[in-house]
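# Structural overview for review
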Amino acid sequence: MEKSALAHLAVPGAEIALRATPRASRDRIVAEDGALRVYVTVPPEDGKANVAIARLLARALGVAKSRLTLLRGAGSRDKVFRLD
């Protein structure tokens, strides 16, 4: 997705649910059947994938990555971020 492609979701207080896929061939966000799938190239160790997902999601939303907080799913593929 291009930069700010998900800008319509960038509402303060919004909770964004997604499914993560680490170790993908390239970084990207795909909207499938009304759900977001985020693919990142980094492995899921020491929180590296979560950082990469937050960075990619922030770019797609058009907000600073410091405005995203991981609410649920730090060790899971299903994650929920809140936009502050």
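The structure this text deals with has already been given above.
### Quick notes on the overall build of the protein chain
On a plain count of helices and strands, the protein chain comes out with one helix and five strands. Put simply, the protein chain runs from its N terminus to its C terminus through helices and strands in the order β-β-β-α-β-β. In terms of overall dimensions, the protein chain is globule-like: its C-alpha atoms have a radius of gyration of 11 Å, near the 12 Å expected for 84 residues. Excluding contacts between residues fewer than 6 apart, the proportion of contacts in the protein chain whose partners are at least 24 apart in sequence is 45%. Surface exposure of the protein chain reaches about 4900 Å², of which carbon and sulfur atoms provide 49%.

### Things to note about the layout of surface pockets
Sizing a probe to match a water molecule and rolling it over the atoms shows the empty space that remains. Taken as a whole, the largest pocket spans an internal volume of roughly 170 Å³. Forming the walls of the largest pocket are 14 residues, and the residues nearest its centre are Pro44, Ala49, Ala74, Ser76 and Lys79. Among the elements that take part in the lining of the largest pocket, helix 1 (residues 48–61) stands out by supplying four residues, more than any other. Of the residues in the lining of the largest pocket, the class split is six nonpolar, four polar and four charged.

Rules used in this analysis
- For every chain, the first residue of the written sequence is number 1, and numbering continues from 1 along that sequence.
- It should be noted that, the model being predicted, local features are given only for residues of pLDDT at least 70 and side-chain atom pairs only at 80 or more, the latter also being counted only at that level, while totals for whole chains, interfaces and linings use all residues.
- Excluded from the side-chain calculation are hydrogens and water; included are all heavy atoms of the structure.
- The helix and strand labels rest on DSSP assignments: H or I over at least four residues marks a helix, E over at least two residues marks a strand, and numbering proceeds from the N terminus.
- Only C-alpha atoms enter the radius of gyration; for comparison, a globular chain is expected to reach 2.2 Å times N to the power 0.38, where N is the number of residues.
- Whether two residues are in contact is decided by their heavy atoms, any of which lying within 4.5 Å being enough.
- Computed with the Shrake-Rupley method and a 1.4 Å probe, the accessible areas treat only the protein chains shown as cover for residues.
- Buried and open spaces are told apart on a 1 Å grid over the protein atoms alone, a cavity being a set of points where a 1.4 Å probe fits but cannot get out and a pocket being an open set with protein on both sides within 12 Å along at least five of seven lines. Residues with an atom within 4 Å of a point are the lining residues.
- Grid points are joined across faces, edges and corners, and a volume is the space filled by probe spheres set on the points.
- Note on residue classes: Ala, Val, Leu, Ile, Met, Phe, Trp, Tyr, Cys and Pro are nonpolar, Asp, Glu, Lys and Arg are charged, and everything else, Gly too, is polar.

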